[in-house]
Amino acid sequence: MKYDSEYIYFPFLIKYAVVEGNSLWFMDIANIGLCHADITDNKIKSIYKIPETQLFEENKYYGLKIVNNKLILLPYCSGSVLIFHINEEKFSEIDLNIQTDVHFPICNASYVYDEMLYLFILSEGEVVVVDLKEEKITKRITILLDKNYQMNDSKIQFSGMCAYIQDIKLGRMIKFDIRNQTFEQRKLLWNTSQWQLMEGEGREIYLRGDYGQIAKWEWIADEPHILAQLPSDMKYYVKEGNTLRWELYQKTKINKATLEKFYDDGEGIWFVPFSSVELVRIDKITHEIKKLVYADEEEQSARNRISWGKYFLCEDDSREFLWVYSLKRNLIYKINIREFTYEEIKLSISKRDLNTSIRNCFVNHKWVEESAHLGILQLIGYVQTLNGSEGD
């Protein structure tokens with residue numbers, strides 16, 4: 001943790017965020033807090049304790065969406081959706097009537113349309129439709145699955161108001177029309193072990209293939225259409241113990257653990273991998289590839305079981321910037337889509353706002369001790385020192 005005359009800087013663990021106007025909302029997975037920052041000055045304004053945060057030693061909530069002054073916390077190992085009412089500064093909960101067990105995640109993907117939240121719960125073989133205005137379940141739609149067949153390893157991508165579910169095991173694609181709430185399915189003629197959906201929402205359907213190939217696919221097409229191949233020197237890491245082994249995309253087959261996401265800016269596709277020190281943009285028309293390299297990201301070790309990944313958080317509501325969190329550097333890259341540049345953002349808390357900002361924060365001491373990321377624990381100690389008080 002760093003200090004200067006006015007502000008305190010400390011690390012978070014951010015996997016999910018939303019940006020609306022000048023507000024950045026994110027879940028701090030390390031300390032199980034819901035945080036609000038003002039992106040005009042990059043200052044933390046509020047931190048709220050998330051109630052009942054863990055089940056089976058896993059965080060209950062991971063994904064995050066914003067709808068009409070409500071923050072929607074999506075379930076990971078929870079049987080409920082948690083809603084934070086921004087204006088009232090309070091939480092409410094919607095029970096999904098799902099029995100939670102060790103089959104995570106509960107929610108594989110989600111989509112919001114007309115204030116209705118669609119939760120794709122593959123372990124149950126259903127889509128649960130939640131009315132966010134009334135805060136209740138309105139429908140449960142059964143996915144086209146055989147009885148007792150689970151698709152937890154499947155991929156989901158959204159395109160044109162439809163969800164595409166790639167059933168890798170049976171080599172088929174399931175299409176769910178969100179407006180009409182209807183299903184179709186078709187057998188895939190291409191090898192699903194060589195081509196897989198990337199996570200995201202696009203104007204078309206995009207796949208990542210073996211040896212760094214990026215392709216698009218149409219529902220009526222027999223084969224994917226290759227758009228580009230990732231640069232020959234582009235690499236990603238594979239973690240082995242406390243070391244990182246680097247692999248070239250063009251030399252390796254698909255690795256499901258790379259957590260690759262994409263973003264469609266209308267004219268190009270952004271490939272945003274978790275385990276790389278760079279990202280690329282592929283022009284849809286010319287197929288030209290532009291590469292953007294993050295500074296000071298390459299690392300040959302991974303301490304305390306935490307790898308140096310980058311989480312693609314979101315785009316902002318203006319669709320001008322992408323937001324990517326660096327676990328290694330404890331900062332956010334604000335990427336300018338049009339100019340192909342980025343700004344580094346380090347979040348801080350004003351010393352004069354310490355008591356009001358952090359009083360509701362929950363600290364996960366175990367995570368802090370294991371990771372040596374002392375951020376909020378040190379900060380609370382600092383507040384207690386200022387107040388001359390002992391912690392709870």
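Residues numbered from 1 in each chain as written. Predicted model: local features only at pLDDT ≥ 70, side-chain atom pairs only at ≥ 80, totals over all residues. Heavy atoms only, no water.

**A short note on the overall build of the protein**
Across its full length, the protein carries 3 helices and 36 strands. Here the protein holds 392 residues, and 56% of them are scored as buried. Taking the intrachain contacts of the protein between residues at least 6 apart in sequence as the baseline, contacts between residues at least 24 apart amount to 46%. For the protein, the accessible surface area stands at approximately 17,900 Å², while carbon and sulfur atoms represent 43% of it. (Helix = DSSP H or I, 4+ residues; strand = E, 2+ residues; numbered from the N terminus. Buried < 20%, exposed > 50% of the residue type's maximum accessible area, 1.4 Å probe, protein only. Contact = heavy atoms within 4.5 Å. Areas by Shrake-Rupley, 256 points an atom, 1.4 Å probe, with all protein chains shown as cover.)

**A closer look at the side chain of arginine 186**
Within the secondary structure, arginine 186 is located in strand β20 (residues 182-187). In this structure the side chain of arginine 186 is engaged in a polar contact, spanning 2.4 Å, whose partner is the backbone oxygen of tryptophan 219. (Polar contact = N/O pair within 3.5 Å; in protein donor to acceptor, adjacent residues only side chain to side chain.)

**Thoughts on the sheet that holds strand β13 (residues 109-113)**
Overall, antiparallel pairing links the 4 strands, which are arranged β13-β14-β15-β16 in an open sheet. Two strands in the sheet have a free side with no partner beyond their single neighbour: β13 and β16 (136-142). In this sheet, neighbouring strand axes are inclined to one another by 20° on average, regardless of whether the strands run parallel or antiparallel. Here strand β14 (residues 116-121) pairs with strand β15 (residues 126-131) via 6 bridges, running antiparallel. Across the sheet, tyrosine 118 pairs through a bridge with valine 129, a residue of β15. (Pairing = 2+ DSSP bridges. Axes fitted to C-alpha atoms, helices over the stretch in contact; angles between N-to-C directions.)

**A word on the packing of aromatic side chains**
Scanning all chains against the criterion turns up 22 aromatic pairs. The interplanar angle of 65° and the centroid separation of 5.6 Å between the aromatic rings of phenylalanine 120 and phenylalanine 158 together place this pair among those described as edge-to-face. Taken together, the residues span a long stretch of sequence, with phenylalanine 120 in strand β14 and phenylalanine 158 in strand β17 (residues 155-159) at a distance of 38 residues. Looking at phenylalanine 120, the relative accessible area reads 0%, which means it is buried. For the ring pair phenylalanine 120 and phenylalanine 176, a centre distance of 5.9 Å and an interplane angle of 80° mean the geometry is edge-to-face. Note that phenylalanine 120 is positioned in strand β14 and phenylalanine 176 in strand β19 (residues 172-177), a separation of 56 residues in sequence. Exposure class is identical for phenylalanine 120 and phenylalanine 176. Each is buried. An aromatic cluster is present here, built from Tyr111, Tyr118, Phe120, Phe158, Phe176 and Phe183 joined pairwise through their rings. Over the aromatic face of phenylalanine 340 sits the side chain of lysine 290, whose NZ or CZ is 4.6 Å from the ring centroid. (Phe/Tyr/Trp six-rings, centres within 6.5 Å; stacked < 30°, edge-to-face > 60°. Lys NZ or Arg CZ within 6 Å of the ring centre and 35° of its normal.)

**Structural notes on the pattern of salt bridges**
As enumerated under the stated definition, the model contains 14 salt bridges in all. A salt bridge links lysine 45 to aspartate 41; its shortest N-O distance comes to 3.3 Å. Overall, the relative accessible area of 32% leaves lysine 45 in the partly exposed class. Among the salt bridges present, the one from lysine 291 reaches aspartate 233, with a minimum N-O distance of 3.0 Å. Taken together, the residues span a long stretch of sequence, with lysine 291 in strand β31 (residues 289-293) and aspartate 233 in the loop between β25 (225-229) and β26 (235-240) at a distance of 58 residues. The class of aspartate 233 is partly exposed, set by a relative accessible area of 46%. Bridged by salt links that share partners, the residues Asp233, Glu278 and Lys291 form one connected network. (Salt bridge = Lys/Arg side-chain N within 4 Å of Asp/Glu carboxyl O.)

**Describing the sheet that holds strand β23 (residues 205-209)**
Taken in spatial order, the 4 strands make up an open sheet running β21-β23-β24-β25, and their pairing is antiparallel. Strand pairing shows two members of the sheet lacking a second neighbour, β21 (195-197) and β25, which therefore form its edges. Averaged over all pairs of adjacent strands, the angle between strand axes in this sheet comes to 35°, irrespective of strand direction.

**Things to note about the environment of leucine 170**
Take leucine 170: it is sitting in the loop between β18 (162-167) and β19. As for leucine 170 and threonine 192, which are separated by 22 residues in sequence, their C-alpha atoms are 8.9 Å apart.

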